[in-house]
Amino acid sequence: MSDNQTMSHEERARSKLRTLGELLGKSNNATNSDALSASTGITRPPQEYDDDVSVSTAAANNTADRTKNNEIDSAMEAMKDALAGFGVVSGPQDPEQVWQRPIPSSLFQPPKYVPSLTTIMPLSRLPPGAKIRGTRSDKTSDSEEDELVEVWTYSLSSDYDGEAGNNNDPNHRPLQGNLSSKLVEYTRGTMGVRRPFRPGGMEEEDAADNYEDDAFNNLSSLESEYLSEEATMNARQALTMGSKKAWEKGILIKAPPGVSFSEGLRYEDVFNDGDQLLKSEKDEGGVPVDKTVAMDVEKGRETANRGGQGGQGGSTLSAPTATMWDKSYFEDDSLFGDSTSGSDSESDDDDSEKGDQTDELEKAAKDERAKETIASTLAESQSPTDEIDSLLLELTQSLASTKPLSESPEASIHPPVSGGTGKETTSKNDPKTRKSWAVTEYLPINDFHSLLPNPALTFPFELDDFQKQAVLRLERSECVFLAAHTSAGKTVCAEYAIALAKKHCTRAIYTSPIKALSNQKYRDFRNKFGEDVGLITGDMQIGADGSCLIMTTEILRSMLYRGADLIRDIEWVIFDEVHYINDSERGVVWEEVIIMLPDYVNLIFLSATTPNTIEFSEWIGRTKRKPVHVIRTNYRPVPLSHHLWAGLKMHKIMEGKQGFTPKGYAEASKALLPASVRAAAEKAKNGDKGGTNSAAGRGKPVPSRPASGSKMSTWQQQGSKQDWISLTRYLEREGLMPTVVFSFSKKKCEEIAASLQSLDLNTAAERNLVMSFTIQTVARLSLNDQALPQVVKTVEMVKRGIGVHHGGLLPILKEMVEILFSRGLVKILFATETFAMGVNMPARCVVFNSIRKHDGVQFRELQPGEYTQMAGRAGRRGLDKVGTVVMCCFGDTPPPQTLLKNMLTGSSTKLQSQFRLTYTMILNLLRVEDMSVEGMIKRSFSEFAAQRALTTNDYPKLLVRGTKTLLKLDEEFKQDGDSRISCEDVEEYYFASRNVLSSSKELLSYLLSSGGTGGGAFVAGRVVLVTSARKHNYVRAPALVLRAPDSSSKSSNSGSTDDAVCICMVLLPQSFTCSKDDEQQKGLKLGALNFIGEAQSRFFAIHKVHLDDILLVSSTKHKIDSKAFYKEKSARQMPSFGNAFAGAKSMKDRDDPFAGMKVRGKKGDTSSQNKATGLSQEAQLADDAMSYLVNAEHAELNSGLDLLDLRECAKNMHQGNSAMEFGTACDRLEHDVAFARQFRSHYHPNLELHYVTVDRKETLRARVGTLRHLLSNESLQLFPDFLQRKAMLQSLGYLDENDTVCLKGRVACEVNTCEGLIVTEMVFEGMLNELEPAEIVAALSALLFQEKSDEDLDSELPERLVSSCDRIKNIAIMLGQRQKDFGLPIDPLEFCATSLKMGLVHVVYEWACGVPFSSICELTDVQEGSIVRCITRLDELCREVRNCARVVGNPTLYIKMEAASEAIKRDIVFASSLYVS
């Protein structure tokens, strides 16, 4: 481009800028301005100008224009220089302008997708035939796990021929296409067999391109008929008109080449590769498959014997040794994946687990699948029904013997200090580990701080390894189950989750098992996170909008049932003390919440160490469809030292992880002996002969005090006042305070604390601090409440450093004691077991007053888990080097050594399901659409083992296969009807024969229960008829009893005769043939089990016959030599491990020097022959026995064998009603036998041929029915209970016939505090409408009070209230009777007694009437804390009944319930918590 052209461009640009300047400036001519604006497309508002414009003004305007042009020129030059500097416009060397360059069309078009020519793959997963780009170095180090190589993508295609020519091998064909393409292949008939329907499934161009390989051009004539022009036209017509019309017209192809048209597509034709089938057809010249089954079976057996490594020319039905994708594809696919029910959300595909598998694991799984394929193919070649029968039997047995996941509690799984290698603790070669939802893999934490550069929360101390693991998992938004000892630092995990929720602007829910722990955690978290922490309890809500909400598990359950809005904002839910799930009353709440929480919520479980953590985490992961990372540790920051207090001293019996020390136990036992006995023992030890005659020398210690009760309970005696004073002074002297003394009785805690009135454990300064705090606490109470005896007594004790903590204490006093103990101002605290439940109050020493407790049913010793939970309070981290645990021995002997050993070293309590159905749960679940009651039961922890077994064993797939096979057998049986001449009623005969077998087994089992031969029924030589169709292929075959069932064949320790067997000589059918070359008969002789012999042109066998195979027992018996036919192994031939001479030969077994010489006239000479027949003695015996059997067969076919009268066999076994029942059963057996003999099939000579078919079919039907039952809701353990409860609710009007919740049901859903049905019936009967507010709360208190006390109502109560209490009892009895009528195991009186307790009716009534608390305490012996707890829960129940009134539409009751709630909310009962305010 020339310079003139460049200048012209610049001039044009300047002219445009000038025009723009004129448009922006003012113009004197409005018309010109409007025209110019119109020409440039810019519209300006009209402007007004003065008419008098002087000439001087015009000159000034011209000067301004020139100045403006100069400014524009300079601006243009500056702009040009700037753009040239950036390369946008041309410079002096490049005169071409940017806007003159042609714009490429690619800027206006999306880029075309060009597939990559290569891809990166691991070398170990490279399929055969794939081409690697470039050259690869052969020098690889052994430490290299795998090598990534660049592969040409065309060599991975299924159409790539390759150089090896193995494109037809299904093992080398990669999986292409998704589920949709697979379904398309199936509908076109191309699933499994590669392109069998070429004419109908492809266009001509595709066929020409894809069928050039030699393997398909050289097919046999069997396939050529599908490639003809006529077949092509028929296939196209079939696609056009549809399959139904094509089938009616007869042009629809129903099966691939080589498959029977009558059979259709089989399971293996659809889900297995069929290229081997086509290849075998080509090799064998198109021989149909059904004619070569026997040959294929033999080849398959040879392949299996060689370990499954068949060659290329192997059997057509032998599976390939390795399958790359076929089975795993359908296992992981959602359509063909595991499913245990019809619930849509219960599919068990493990796609999320599949991406992180190692090469070794994949190889092991591939080999396992190959073995399974070989075994299944061999079974299919033999008989599909045999395979289904064996699989169903095996899976049924495996389901019955299913055990929880095994784990070793002794194995330390604390993360290594070095950070670990990130490997799993389980075996990598086990393919089943892929499906585990519980992940025990640890992350490398060597560089923890670099992995977490911006933590959501920092801690002033270095985290332990297990805490670091938990923090890293939380950063990944993964579920965590943290199991660690008490005071190990599990709260760190909860605090970090709360910080993450605060960082992400979401919510974290912290649930606790008890309200006291909720209040304490509220104080701790509020001090750490500020105002953004809320507390929700039954009676208060504080900071409900905070990012961290603390509540009990029951509150969270109520929110889930109501569908509260805050559920949508939850990111984390923290379950503290999750081992509380073992609680029989409230444990079900934990399972409900875990199941109902949305899937997007991440879960954190904090628990003490439990032996089945993996199993529980597996259940959680399977329920929530996400992995749960298990972090367990046996690490204890402060080790424990366990002692026995005996003889005013502590005797160490165990410390840390060391074992039990018997020396310390012996010293404690010695210290408890009387002084005289100890002195005598010392003399005996020193060799003093005079002491040998003493009581101690004779080993008979004299007790120091008379033992009360059982001799075994002397160690359970309680200590006296002086004993406790001595122990307290010892603990103070040794510096072991603060101390917690656990006593499992509220009354005992008060007594021991009262016995220490003479002790003052606080200094003057500490007393002043305690007095100041107690004054502030008591000031919250009214003057009357400050004078309560319990308040005065507790304040006086804490001043001296002594405290009491139990459920009977007033809540404000318990909190006061807890705070003083945490500050070290209470030196010794007497508490019950609830103090150890989650309350973070560590001490230096823990003392056990006793190791026995009452669990609500009986007295028992502490379990190891309970002991560990309480003993874990000993040892303050950072303050104590060791935590001291002391067990008091105030009796004459310490607790038994075995008991102590088990308690100290035994495994902790397992997490066990306490799931049960409640009416509130059923009604709530029937109201929501997200989950059904059956789904809740199925997802419960109690059903986890059964549901996991169903999934693991592929029951859904087996059910489909069994159903298809059953339909095929039914169709074949109908088609073969013409071949069953004179045996048309074989199916009816089968069912009649089965009834005979059942009746016979029942009677014979009863006869054999007394032992012996069953009263002569099974004597040797007895003729019986046996049926074993599927196993031995004989029906109603005569047999001679050789040996009766004995005790060795019965079930051990049970006396059951279900497994009893007898040895019989059975006449085999006429159709039976036995080859001389039979491998199974080689080495067997007459007298051996399973021996098959021949006599009189018939075969017989020596078999074990079970009781359920005996059709009938005849009255005929013969005298035979049973030992000649069956020689039982003697006991001396069994291996003996305790006898040193067990391997020596007896005299009979040694070599006989006279073995070759004959003895003249010796009886029983087996070498002698019968002179008349020329037969040996064995042959003669067999011939005689065979004649007996043949005669019995003829007799049965002609007139029928005479039945043995079993009544005579059992005449000495029973009398009275049992004899009558046995006689009735014998009559039924005779009737069943006579009925079976009426069928023509019974007399058919070849009955077994047709009977086996029916037996196989009906057995399979029964197994399929059993399997269908297992997969249905009916197999759930609680499903019958659900049906009974639902029927009861329908009868009372809570549900209608469509399971829709009615008005009464909606009212019952509002009650969660107590038995909802009783409250609902009270509301609908109008009982509460007749009462005053004070009377209402008094009547409702009977539903909440739980302790035992005097339940006689006081005569001072209003008559209306007493009458209402009686009506409530009647309602409870009615509901109990109604439940019993519907089959529930409930006693009406017991239901009333457990649901209603009238102990506080008078107390609550007086309180609601305004009586002071000190006065109502005098009306009962119930402790103050129990009264407060009942009234507090009563306020919550009043709100629930108020909601019931709102649902019903009863404004009168609504107002009364508000007044009732206000009447009880006053004074000390509702005093504010010290943790909250």
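Residues numbered from 1 in each chain as written. Predicted model: local features only at pLDDT ≥ 70, side-chain atom pairs only at ≥ 80, totals over all residues. Heavy atoms only, no water.

## A few points about the packing of helix α22 (residues 587-596) against helix α23 (residues 613-624)
Running from N to C, α22 and α23 cross one another at 40°; their axes reach a closest spacing of 9 Å. Judged by the angle between their axes, α22 and α23 are oblique. Residue-level inspection shows E591, I594, I595 and M596 of α22 in contact with α23, the latter providing F616, W619, T623 and K624. For the contact of α22 with α23, the residue count by class is 5 nonpolar, 1 polar and 2 charged. (Axes fitted to C-alpha atoms, helices over the stretch in contact; angles between N-to-C directions. Helix = DSSP H or I, 4+ residues; strand = E, 2+ residues; numbered from the N terminus. Parallel < 35°, antiparallel > 145°, perpendicular 65-115°, else oblique. Contact = heavy atoms within 4.5 Å. Nonpolar A, V, L, I, M, F, W, Y, C, P; charged D, E, K, R; others polar.)

## Things to note about the sheet that holds strand β8 (residues 548-552)
Pairing within the open sheet is mixed, and its 9 strands lie in the order β3-β11-β4-β10-β9-β5-β8-β6-β7. Looking at strand neighbours, the two that pair on one side only are β3 (438-439) and β7 (541-542), the edges of this open sheet. In the sheet, strand β9 (residues 570-575) pairs with strand β10 (residues 602-607) via 4 bridges, with the strands oriented parallel. Paired with V573 across the strands is L603, a residue of β10. (Pairing = 2+ DSSP bridges.)

## Some remarks on helix α50 (residues 1388-1395)
For α50, the set of buried residues is P1388, F1391, C1392 and S1395. For α50, the buried positions fall inside an angular range of 100° around the axis, keeping them on one side. Relative to its buried face, α50 has exposed residues pointing more than 90 degrees away, namely L1389, E1390 and T1394. (Buried < 20%, exposed > 50% of the residue type's maximum accessible area, 1.4 Å probe, protein only. Arc of directions from axis to C-beta.)

## Some words on the sheet that holds strand β12 (residues 640-646)
Read across the open sheet, the 7 strands follow the order β13-β12-β20-β17-β14-β16-β15; overall the sheet is mixed. The open sheet terminates on both sides in strands that have one partner only, identified here as β13 (649-655) and β15 (802-805). For this sheet, the mean angle separating the axes of adjacent strands, direction not counted, is 25°. With 4 bridges joining them, strand β14 (residues 739-742) and strand β16 (residues 828-831) adopt parallel strand pairing. Bridging from a neighbouring strand, F742 pairs with A831 of β16. Lying over the sheet, helix α31 (residues 811-822) contacts β14, β15 and β16, oriented at roughly 130° with respect to β15. Packing of helix α33 (residues 897-905) onto the sheet brings it into contact with β12, β13 and β20 (883-888), and relative to β13 it is tilted by some 55°.

## As for the pattern of salt bridges
For the structure shown, the criterion picks out 45 salt bridges. For R800, the salt bridge is made with E796, and the minimal N-O distance between the two is 2.8 Å. With relative accessibility at 38%, the residue E796 sits in the partly exposed group. The closest approach of N and O atoms between D1467 and R1466, which form a salt bridge, is 3.0 Å. (Salt bridge = Lys/Arg side-chain N within 4 Å of Asp/Glu carboxyl O.)

## Quick look at a nonpolar patch on the surface
Together, L1303, F1324 and V1448 give the surface a local cluster of nonpolar side chains, amounting to about 200 Å² of exposed area. With respect to the secondary-structure elements, L1303 resides in helix α46 (residues 1303-1308). (Patch = residues over 30% accessible without salt bridge, like charges linked within 9 Å, V, L, I, M, F, W, Y side chains within 5 Å. Areas by Shrake-Rupley, 256 points an atom, 1.4 Å probe, with all protein chains shown as cover.)

## Some remarks on the pairing of strand β23 (residues 1061-1067)
In terms of burial, β23 is a largely internal element, 7 of the 7 residues being buried. Every second residue of β23 is oriented toward a common face, with V1061, I1063, M1065 and L1067 on one face and C1062, C1064 and V1066 on the other, all of them buried. When strand β22 (residues 1034-1043) meets β23, the two strands line up antiparallel, connected through 4 bridges. The residue bridging A1039 from the neighbouring strand is V1066, located in β23. Looking at chain direction, β23 and strand β25 (residues 1098-1106) are connected through 7 bridges and run antiparallel. Its bridge partner lying in β25, C1064 is registered against H1103.

## Points about the packing of aromatic side chains
Throughout the structure, instances matching the rule amount to 29 aromatic pairs. Seen in terms of ring centroids, Y510 and F525 are 5.3 Å apart; in terms of plane orientation they differ by 80°. Their pairing is edge-to-face. With Y510 in strand β5 (residues 507-512) and F525 in helix α20 (residues 515-529), this pair connects stretches of sequence that are 15 residues apart. The pair Y510 / F525 is uniform in exposure class, with both members buried. (Phe/Tyr/Trp six-rings, centres within 6.5 Å; stacked < 30°, edge-to-face > 60°.)

## As for unusual backbone geometry
Phi is mostly negative for residues that are not glycine, and the peptide bonds are mostly trans. The step from M737 to P738 runs through a cis peptide bond, and the omega angle for that step is 10°. The residue P738 is located in the loop between α26 (721-733) and β14 in this model. For R1036, which is not a glycine, the phi torsion comes out positive at approximately 40°. Relative to the assigned elements, R1036 resides in strand β22. Look at R1036 and you get buried, because its relative accessible area is 6%. For D1299, which is not a glycine, the phi torsion comes out positive at approximately 65°. Relative to the helices and strands, D1299 is located in the loop between α45 (1279-1292) and α46. The partly exposed category is assigned to D1299, whose relative accessible area is 25%.

## Brief notes about the packing of helix α37 (residues 955-975) against helix α44 (residues 1247-1271)
Packing of α37 against α44 brings their axes to within 9 Å, and their N-to-C directions diverge by 150°. One finds that α37 runs roughly antiparallel with respect to α44. When the axes of α37 and α44 are compared, the crossing they make is left-handed. Contacts between α37 and α44 involve Y955, P956, L958, L959, G962, T963, T965, L966, L969, D970 and F973 from the former and T1253, V1254, K1257, L1260, R1261, V1264, L1267, R1268, L1270 and L1271 from the latter. The residue makeup of the contact of α37 with α44, split by class, is 13 nonpolar, 4 polar and 4 charged. (Left-handed = near helix turned anticlockwise from the far one by under 90°.)

## Overview of the pairing of strand β24 (residues 1092-1095)
Both β24 and β25 contribute to a ladder of 4 bridges, which runs antiparallel. Residue pairing for β25: E1094 is matched across the bridge by F1099. Between β24 and β25, which pair antiparallel and follow one another directly, the connecting turn spans 2 residues, one of which, Q1096, has a positive phi of 55°.

## Considerations on the confidence of the model for the protein
Scored by pLDDT, the protein comes out at a mean of 74, with 68% of its residues at no less than 70. Low pLDDT, under 50, characterises residues 261-382; the predicted model gives this stretch 194 contacts beyond four residues in sequence or across chains. The low-confidence segment residues 1130-1168 (pLDDT under 50) makes 11 contacts with residues lying over four places distant or belonging to another chain. (pLDDT = per-residue confidence, 0-100.)

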